[in-house]
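Here is what each chain is made of, one letter per residue.
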Amino acid sequence: MGPFDKKFKKFITNNIRVAPKVPSVNDKVGIDELKDFLSSKYPQTRKDAVRRVVEQMNLGKDMSSLFPDIVKNMGINNDDIELKKLIYLFIINYSLEKPEFMILVINSFLQDTLSDNPLIKCMALKTMCMLPIEMVLEYLEQPITDGLLSDNAYVRKTSVICLLKIYNYDLDLFEKLLPVFKGMIYKEDNSMVIGNILHFLMEIDSKQHLNITLTQYVHENIEKLVNLLPECNEWSRVSVLNSLAVYDNEALPLDPSSVYLLANKVTPYLQHINPSIIMSTLKVLFNFIEFIKDDSSINIWEKLAMGIVSILNNPSFELQFILMRNLKIILCKLPTLYSYIDIKNYFLKMSDPIYLKYAKLEILDDALNKNLRKVDVELVINEYKDYCHFEFNNEFIETVLNKLGDLLLLLDSEKDIHLKLNIIEFLTNDINYQNDAVMINLCKICNSHSRECQQMILTWCLTNWESLLSDRSKAHFINYITVLRNDVTSYNSILSAFIENISDEGPETQLMTIHALIKTENLSALKKVLDLDVYSLEVKEMVIFYQRLLSNSNPSEALKFMNINQVSFNDADSLKDKIPSNK
């Protein structure tokens, strides 16, 4: 070992001290021990002790008795940002419990706002605004003013958000600080600060306090804002896009060249990795869609569809759900999008949570209702079949069966006979565990099917009606066979079975049984059924009405009155001239 090495080793031995180690979270340590560690002469020991106190605080333990000892460490090492963060977190947590110590803390905060380090200055300013505002309000004017006039963009950005906090608590102080803010908003060219300025203008009543609206500010700076987008961080970019999304182009129209520039600069962000930026971009394009002239250079509809599809393929189920809930409104306003989004993008996946499956099912149903002739209906039917096979949630399966029943009503009886037969065969042959749901959907509209379809439905209904459990399915079955009673040889015996057990049936079945007797004009059976005292409150009023009608008039005439069909909306106009005027 050379002479230099010996001297270096001696220097290390004499000048380096091993700081006492603070016990870990798993080790027990008392408040008194922590006080000793917080007062240690070794900086690392004090820092470890503060970290241990914050850990205990986050676990729910009361560490407020250490407040004075924590505060003492604020001014010891002003350059240690990690230590500052830990202390600020502790102070925020116990500021309400120990308001008497706030006066000691304020002085340290004010010292930190004068720091040359912008991180410490901003951290102190933000923490002061997070404390109970009445305790620090009188001390915030000068730090925020200095922050707004600072040469550092990060400090200006933080000061704008702190000014917004003042707006919510003290309008007098807010008005004092506004002249400084007004002087900076048009001179500012930093993307970070501009993002916060736009957020500020969206949050306050800018017309009242600044004599300028957000739309006016964006209109005067549209080119600068659009060109700043590539320089912005993600937070600022979202703020700029959101300000464009709420721009009122009817109140203050942009010229076509500005709209064209905006569309060209914004559309690339539809392929961004951050879904919040994609969502904000979509909102911008939806806001200006009426003013964008689509051409081959923009392909606005294709790009909109790409943005929507990219979120639909995002691994976050919550984001997919948010888009699905809003997509229904979007497609209602812009039905052209149906043609650009492949319906396969709405198909369910095995891994989707149940709430997302329901949302996708709604969109699929809307796409079929509004774009039936442009959709591969057979593909959708096969998809619905798969859902019934792989899904274990009975309520969801019932919803899918209802969608198939709705599809039966949408399909034209002549052109789409093969599709209707496909659905009916599936419902009658493959689904043997949801007879109630199948019965309801097969009996929805009795005369809307071809003879072949009708025969398949009738055969299945007459075979499976005894297995029905729900009140609603039984009511649908009674109504169905009553309409087709001429084709049902066992109609009277089936109806008699329901009459015998009417006391055990639900209100819908009871009411439909009575209606069946009225339609068949079976007066004697009707009177017997009406005289029974077995009806629920929902049905009782109708029963009393029918009894009084039969007792106060000719029974045959009363039956004819009960069987009068309701007037359709198409016939209502033609009846207007026939109704005598009341003179």
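Predicted model only: the values in this text are computed from it and were never measured.

Along its length, the chain carries 33 helices and zero strands. Across the 583 residues of the chain, 47% fall into the buried class. Contacts in the chain between residues at least 24 apart in sequence constitute 65% of all its contacts with a sequence separation of at least 6. Total accessible area on the chain stands at roughly 30,700 Å², and carbon and sulfur atoms take up 52% of it.

Of note, the phi angle at Asn211 is positive, near 60 degrees, even though the residue is not glycine. When its relative accessible area of 58% is taken as the criterion, Asn211 is described as exposed.

Once that is clear, we can look at the layout of surface pockets. As a volume, the second largest pocket reaches approximately 300 Å³. Counting residues per element, the ones that place at least two in the lining of the second largest pocket are α18 (275-288) and α20 (317-333). Within the lining of the second largest pocket, the residues separate by chemical class into eight nonpolar, two polar and two charged.

Further remarks concern the pattern of salt bridges. Under the defined criterion, the tally for this structure stands at twelve salt bridges. As a salt-bridge pair, Glu188 and Arg156 come within 2.9 Å of each other at their nearest N and O atoms. Of this pair, Glu188 sits in the loop between α11 (171-185) and α12 (191-203) while Arg156 sits in helix α10 (residues 153-167), and the two are 32 residues apart along the sequence. The same class applies to Glu188 and to Arg156, which are both buried. One salt bridge in this structure joins Glu505 and Lys474, with 3.1 Å as the shortest N-O distance.

Another point: the packing of aromatic side chains. In the structure shown here, the tally under the stated rule is 17 aromatic pairs. Ring plane angle 50 degrees and centroid distance 5.8 Å describe the contact between Phe67 and Phe90, whose orientation is recorded as tilted. Taken as a pair, Phe67 in helix α4 (residues 67-72) and Phe90 in helix α5 (residues 81-94) lie far apart in primary sequence, 23 residues in all. For the pair shown, Phe67 and Phe90 are each scored as buried. Relative to Phe498, the ring of Phe477 has its centre 6.3 Å away and its plane inclined at 45 degrees; by these criteria the two rings are tilted. Within this pair, whereas Phe477 is found in helix α27 (residues 471-483), its partner Phe498 is found in helix α28 (residues 491-500), the two being separated by 21 residues in sequence. Taken together, the ring pairs connect Tyr167, Phe174, Phe181 and Phe200 into an aromatic cluster.

Turning our eyes to something else, we now look at the side chain of Asp366. Tracing the backbone through its elements, the reader meets Asp366 in helix α21 (residues 354-370). Among all residues touching Asp366, those that are not within four sequence positions of it are Lys328 and Tyr338.

So, on to helix α6 (residues 102-113). For α6, spanning twelve residues, the distance from its first C-alpha to its last is 16 Å, which sits close to the expected 16 Å at 1.5 Å a residue. Within α6 the residues assigned to the buried category are Met102, Val105, Ile106, Phe109, Asp112 and Thr113. Along α6, the residues classed as buried sweep out an arc of 125 degrees about the axis, all on the same side. Where the residues of α6 are buried, they touch α4, α5, α7 (118-130), α8 (133-136) and α9 (141-148).

Taking 1.5 Å as the rise per residue, α21 with 17 residues should run 24 Å; its terminal C-alpha atoms sit 25 Å apart, in good agreement. Where α21 is buried, its residues touch α20, α22 (377-390) and α23 (394-410).

Bringing empty space enclosed by the protein into the picture now. Tallying each qualifying case throughout the model produces one cavity of 30 Å³ or more. If you trace the largest cavity, you find it lined by Arg451, Gln454, Gln455, Leu458, Leu484 and Asp487. Each residue belonging to the lining of the largest cavity can be placed in one class, and the counts come to two nonpolar, two polar and two charged.

Conventions used here
Residues numbered from 1 in each chain as written. Predicted model: local features only at pLDDT ≥ 70, side-chain atom pairs only at ≥ 80, totals over all residues. Heavy atoms only, no water. Helix = DSSP H or I, 4+ residues; strand = E, 2+ residues; numbered from the N terminus. Buried < 20%, exposed > 50% of the residue type's maximum accessible area, 1.4 Å probe, protein only. Contact = heavy atoms within 4.5 Å. Areas by Shrake-Rupley, 256 points an atom, 1.4 Å probe, with all protein chains shown as cover. 1 Å grid on protein atoms, 1.4 Å probe; cavity = no way out; pocket = protein on both sides within 12 Å on 5 of 7 lines; lining within 4 Å. Points joined across faces, edges and corners; volume = space filled by probe spheres on them. Nonpolar A, V, L, I, M, F, W, Y, C, P; charged D, E, K, R; others polar. Salt bridge = Lys/Arg side-chain N within 4 Å of Asp/Glu carboxyl O. Phe/Tyr/Trp six-rings, centres within 6.5 Å; stacked < 30°, edge-to-face > 60°. Expected span 1.5 Å × (residues − 1). Arc of directions from axis to C-beta.

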